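Residue-level structure breakdown
Here is how the chains run, residue by residue.
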Amino acid sequence: MVPSSPLSPGRHARPVAAASLLALCALALSACGSSEPAAALDDAGGASTTRITDATGTKVDVPGEPKRVVALSEMDLDAALTLGIQPVGLTAGRGQKGAPAYLADRAESIPVVGAVTGPDIEKVVQAKPDVILAGQTADEQVLAQLRKIAPTVVTIDDTKDWKKSLTLTGKALGRSDEAGKFLADYDAEAAALRTDLGDQAGASVSVARYSAKGTALMQQGVFISDVLKDLGFERPGIQSDKGEGHSTPISDENLDEIDGDWLFIGTLDAGTDADLLTELAGKPAYAQLGAVKDGHATVIDGSKWTSLGGAQAAVSVLDDIRKAMVG
């Protein structure tokens, strides 16, 4: 989604019984790994394998050139596409029926094999993966089931750092050079934007998400806060502190805590921008914010800014900020 001008429209995994899972694997034998996937691949035809250490410290033997990749998180899908690989299965994005809105065009033909709450094991088997990118999956039962299907790599650690995840995914997919180049290009683009921001480079920037439940702040320890840190922005109020969860609810009475030089507010429903802006304009708590009075408030794509994020999301956020703050 292209951002609008300021204030204008702009793990419930389905575990299956062991017998059922084995039966499915028998139907898709080529997709099912053993406890020693590297040995199985070598016996089958001498295919090269690489041993990597995933985000949990687990050693995983992956094919040197995986052909069928399943991405079980938004960040995994983003990373795979960034590295030039079209997954054969994806997990629906937060609040989405399929891929996150900002990746929807590129992922339109990829089957959905799970939700934010967890993978559908049967559908993962049917995708016949040779590598599974398991995002931040922590359920050991689910991981054990996935590992019976194919080499499984947990790609996201407790920091949820998209750069670390991209680097690890690059190793898992045999695309380390591509990952390194992307990160270098991103750093260069972020540096150029810092320069072009001029006096706004040290501005205070607030990011919130809005839904029927109300407003929630994005604190430290999430994707968007890492991108804003790369640009040297300040964060007003408790946004400079690490949050306990993905976002922190805030009442209308305390909205002054989100006030900054600039306000970016996201929604997961790209079709409600106009309605959101009308609603916010009618709220005295929003109307009195300095960022709103100065015309420095912008509605942005929540599937990109206020969700799990990733490499493509980061570059797109830089573009959103350039359009809003540089022009």
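Data block above holds the structure.
Residues numbered from 1 in each chain as written. Predicted model: local features only at pLDDT ≥ 70, side-chain atom pairs only at ≥ 80, totals over all residues. Heavy atoms only, no water.

This paragraph deals with the pairing of strand S5 (residues 112–115). One ladder, built from 2 bridges, connects strand S4 (residues 89–91) with S5; its direction is parallel. Bridge pairing links Leu 90 to Val 112 in S5. In this sheet, strand S6 (residues 118–119) lies alongside S5 in antiparallel orientation, the contact comprising 2 bridges. Within the sheet, the bridge partner assigned to Gly 114 lies in S6 and is Pro 119. Where S5 hands over to S6, the hairpin turn is made up of 2 residues, counted between the paired strands. (Pairing = 2+ DSSP bridges. Helix = DSSP H or I, 4+ residues; strand = E, 2+ residues; numbered from the N terminus.)

Moving on: the sheet that holds strand S10 (residues 214–217). As a general point, the strands of a sheet are linked pairwise by backbone hydrogen bonds and lie either parallel or antiparallel. The mixed open sheet is built from 5 strands, whose spatial order is S11-S10-S9-S12-S13. Each end of this open sheet is capped by a strand with a single partner; those strands are strand S11 (248–250) and strand S13 (297–301). Strand after strand, the sheet turns through a mean of 35° between neighbouring axes, direction not considered. The sheet contact formed by strand S9 (residues 205–211) and S10 spans 4 bridges and is antiparallel. Note on S10: the bridge partner recorded for Ser 211 is Gly 214. (Axes fitted to C-alpha atoms, helices over the stretch in contact; angles between N-to-C directions.)

Okay, the packing of aromatic side chains next. Scanning all chains against the criterion turns up 4 aromatic pairs. Summarising the aromatic geometry, the rings of Tyr 210 and Tyr 286 are spaced 6.4 Å apart at their centres and angled 80° between planes, so their arrangement reads as edge-to-face. Pair noted here: Tyr 210 is in strand S9 and Tyr 286 is in helix H10 (residues 284–287), with a separation of 76 residues, a long-range link. We classify Tyr 210 as buried; its relative accessible area is 11%. (Phe/Tyr/Trp six-rings, centres within 6.5 Å; stacked < 30°, edge-to-face > 60°. Buried < 20%, exposed > 50% of the residue type's maximum accessible area, 1.4 Å probe, protein only.)

With 6 of its 7 residues buried, S9 lies for the most part within the structure. In the sheet, S9 pairs with strand S12 (residues 262–267) via 5 bridges, with the strands oriented parallel. The partner of Ala 208 across the bridge, within S12, is Ile 265. The turn joining S9 and S10, which pair antiparallel and follow one another in sequence, is formed by 2 residues.

Enumeration over the complete set of coordinates arrives at 10 salt bridges. The salt bridge involving Asp 61 is made with Arg 51; its shortest N-O contact spans 2.7 Å. Separated by 10 residues along the polypeptide, Asp 61 in strand S2 (residues 59–63) and Arg 51 in strand S1 (residues 49–53) bring together distant segments of the chain. A salt bridge links Glu 65 to Lys 67; the nearest nitrogen and oxygen atoms lie 3.8 Å apart. Side by side, Glu 65 and Lys 67 carry an identical accessibility label, which is exposed. A single network of salt bridges, built from pairs that share partners, joins Lys 163, Asp 187 and Asp 230. (Salt bridge = Lys/Arg side-chain N within 4 Å of Asp/Glu carboxyl O.)

A separate point is the environment of Glu 257. Mapped onto the fold, Glu 257 is located in the loop between S11 and S12. For Glu 257 and Pro 236, which are 21 residues apart along the polypeptide, the C-alpha to C-alpha distance reads 7.1 Å.

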